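Overview (structure and organization)
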Amino acid sequence: MSAVFVNFGFGPIGAGLFVYEAWAARAFDRMVVAEVAPETVAGLRAAQGFYNVNIAGRDGLTAARAGPIEVRNPAIPGDAAALGDAMAEACEMATALPSVDFFERGAPSVADFFAAAADRKALQPDLPAAVVYCGENHNHAAELLAAAAAKRRRVPGDGRIEFLNTVIGKMSGQVSDSGDIRARGLTPIAPGLDRAFLVEEFNAILVSRPARSDVRRRISVFREKDDLLPFEEAKLYGHNAVHALLGYLGAEEGCAFIAEACGNADIGPTARAALIEESGAALCRKYAGLDPLFTPIGWRAYADDLWARMANPHLRDSVARVIRDPKRKLGWSDRIVGTL
């Protein structure tokens, strides 16, 4: 049976991380993407399933062409049926949706699709077991999607789908202004689509270690951890917290990009001290002895690497992107109050 990868969502993380790394692994015979934006579906199909992603390294920008992918709109019955078939045959899948709130939205919902795939795998033992990378930047995204799918199951038995949490420290964005795309020398997603994905080259993504013995992950660049929660907190209360601090202070000073805030004589030292002396000190105390990351030396090395990445002028990570959605980011357990 051919190796199939399925991804829900075609934003910067879906396209620039999950699908891109599946393509780079050269380990899948088919890559299928579920996307509801009609113009994106049409543009990708017109490009025969190939797409472009701009990658910001420390020395400059490169454009990579990935694919081919099959694009299915789950809101269209024929596409939904084809997507369901692909999920039943898939050995690796991913979700890269705006938030966990999207798991149960729509009819059929994302959870409906996973429930149906689990039912088919339970009925047909020759179909492969699968892992699902949940990329919604939520500490319990995997558990939430697993529960939503389980309550929709119609067939008893092992659905042979395991949902994995992720820690995605990859900074990414979408550039939608055509003049900005030309001025920055970016390559659009596909001909006719006036948008461009811009992601950093970082791909050291952490995932939960699968409990199943009948799965073999093909995207081997992702690193497994037995207990992912401490590393999720390091990302949320370290990376995300200092990112937000740079964004909010940068907005007050009129900075357009995070790199500008990093270089600001007042903002930069304040944020860097908060990352090391506040977030880092608290996390190292909480998780002392768990991993080299949670030591003064390990955390400072992490902070130095993160700072260099955030200050990368080629990424041009906008302040507006970082400070958007304040309702979610000011949540009780999120990057500001949660860190406190």
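Going by the structure above, here's the rest.
The structure reproduced in this document is the subject of the present report. (Residues numbered from 1 in each chain as written. Predicted model: local features only at pLDDT ≥ 70, side-chain atom pairs only at ≥ 80, totals over all residues. Heavy atoms only, no water.)

With that out of the way, let us pick up the overall build of the protein. Looking only at helices and strands, one finds 12 helices and 12 strands in the protein. Overall, the protein is about 60 × 50 × 35 Å in size when its C-alpha atoms are taken along their principal axes. Scored against the burial criterion, the 340 residues of the protein give a buried share of 54%. Considering only residue pairs separated by 6 or more positions, the protein has 74% of its internal contacts joining residues 24 or more positions apart. Element-wise, carbon and sulfur atoms account for 54% of the exposed surface of the protein, whose accessible area totals about 15,000 Å². Positive and negative side-chain charges of the protein, numbering 38 and 42 respectively, have mean locations separated by a distance of 3 Å. (Helix = DSSP H or I, 4+ residues; strand = E, 2+ residues; numbered from the N terminus. Buried < 20%, exposed > 50% of the residue type's maximum accessible area, 1.4 Å probe, protein only. Contact = heavy atoms within 4.5 Å. Areas by Shrake-Rupley, 256 points an atom, 1.4 Å probe, with all protein chains shown as cover. Lys, Arg positive; Asp, Glu negative; His and termini not counted. Charge placed at Lys NZ, Arg CZ, Asp CG, Glu CD.)

Moving on to the packing of aromatic side chains. Counted by the stated rule, this structure contains 13 aromatic pairs. With a centroid separation of 5.6 Å and an interplanar angle of 50 degrees, the aromatic rings of Phe231 and Phe294 are classed as tilted. A residue pair is termed long-range when its members are at least 10 positions apart, and Phe231 in helix H7 (residues 229-252) and Phe294 in the loop between helix H9 (267-286) and helix H10 (296-310) qualify at 63 residues. Overall, Phe294 belongs to the buried group, its relative accessible area being 2%. With centroids separated by 5.2 Å and ring planes inclined at 50 degrees, the aromatic side chains of Tyr287 and Phe294 adopt a geometry described as tilted. Its relative accessible area of 14% is what places Tyr287 among the buried residues. One aromatic cluster in this structure is built from Phe8, Phe113, Phe114 and Phe163. Residue placement shows Arg105 over the ring face of Phe102; its charged tip is 4.1 Å from the ring centre. (Phe/Tyr/Trp six-rings, centres within 6.5 Å; stacked < 30°, edge-to-face > 60°. Lys NZ or Arg CZ within 6 Å of the ring centre and 35° of its normal.)

This part is about the pattern of salt bridges. Enumeration according to the criterion identifies 25 salt bridges in this entry. Here Glu224 and Arg217 are joined by a salt bridge, their closest N and O atoms 2.8 Å apart. Looking at Glu224, the relative accessible area reads 26%, which means it is partly exposed. We note a salt bridge from Lys286 to Glu233, for which the minimum N-O separation is 2.9 Å. Here Glu233 lies in helix H7 and Lys286 lies in helix H9, a separation of 53 residues in the sequence. The class of Lys286 is exposed, set by a relative accessible area of 54%. The class for Glu233 is buried, based on a relative accessible area of 9%. Within the structure, one salt-bridge network assembled from shared partners comprises Arg30, Arg45, Glu70, Arg72, Asp79 and Glu89. (Salt bridge = Lys/Arg side-chain N within 4 Å of Asp/Glu carboxyl O.)

Attention now goes to the packing of H7 against H9. The interhelical angle for the contact between H7 and H9, taken along N-to-C directions, is 160 degrees, at an axis separation of 10 Å. If you check the angle between H7 and H9, you find them roughly antiparallel. Crossing handedness for the pair H7 and H9: right-handed. Side by side, H7 and H9 meet where Glu233, Ala234, Tyr237, Gly238, Ala241, Val242, Leu245, Leu246, Leu249 and Gly250 of the first sit next to Ile267, Ala271, Ala274, Leu275, Ser279, Leu283 and Lys286 of the second. Of the residues belonging to the contact of H7 with H9, the class tally is 12 nonpolar, three polar and two charged. (Axes fitted to C-alpha atoms, helices over the stretch in contact; angles between N-to-C directions. Parallel < 35°, antiparallel > 145°, perpendicular 65-115°, else oblique. Left-handed = near helix turned anticlockwise from the far one by under 90°. Nonpolar A, V, L, I, M, F, W, Y, C, P; charged D, E, K, R; others polar.)

It is worth spelling out the sheet that holds strand S12 (residues 223-225) at this point. In spatial order, the strands read S5-S2-S1-S6-S7-S8-S11-S12; together these eight strands make up an open sheet with mixed pairing. Of all the strands in the sheet, the pair left with one neighbour each is strand S5 (70-72) and S12. On average, adjacent strands in this sheet sit at an angle of 25 degrees to one another, irrespective of strand direction. Sitting on the sheet, helix H3 (residues 77-89) is in contact with strand S1 (4-8), strand S2 (30-34), S5 and strand S6 (92-95), with an inclination near 125 degrees to S1. Sitting on the sheet, helix H4 (residues 110-123) is in contact with S1, S6, strand S7 (130-134) and strand S8 (161-167), with an inclination near 135 degrees to S8. (Pairing = 2+ DSSP bridges.)

Moving on, we come to the nonpolar core. Counting 42 residues, the largest nonpolar core has Phe5, Phe10, Phe18, Tyr51, Ile69 and Tyr133 as its most contacted members. Only helix H1 (12-25), S2, helix H2 (38-46), strand S3 (51-57), strand S4 (60-66), S7 and strand S10 (196-200) provide two or more residues apiece to this core. Element by element, the count of residues in this core is highest for H1, at eight residues. In terms of nonpolar packing, the next biggest core, distinct from the first, is built from 37 residues, Ala234, Ile276, Trp307 and Leu315 among them. (Core = buried A, V, L, I, M, F, W, Y, C linked by side-chain atoms within 4.5 Å.)

Another aspect to go through is the layout of surface pockets. Taken as a whole, the second largest pocket spans an internal volume of roughly 470 Å³. Lining the second largest pocket are 25 residues; nearest its centre among them are Glu35, Val36, Pro74, Leu97 and Phe102. When its residues are assigned to classes, the lining of the second largest pocket shows 15 nonpolar, six polar and four charged. (1 Å grid on protein atoms, 1.4 Å probe; cavity = no way out; pocket = protein on both sides within 12 Å on 5 of 7 lines; lining within 4 Å. Points joined across faces, edges and corners; volume = space filled by probe spheres on them.)

A few words on the packing of H3 against H4. Contact pair H3 / H4: the axes reach a minimum separation of 9 Å and the direction vectors enclose 50 degrees. Our classification of the angle between H3 and H4 gives oblique. The handedness of the crossing between H3 and H4 comes out as right-handed. Along its contact with H3, which presents Ala80, Leu83, Gly84, Asp85, Met87, Ala88 and Glu89, the element H4 presents Phe113, Phe114, Ala117, Arg120 and Lys121. A breakdown of the residues in the contact of H3 with H4 according to their chemical character gives seven nonpolar, one polar and four charged.

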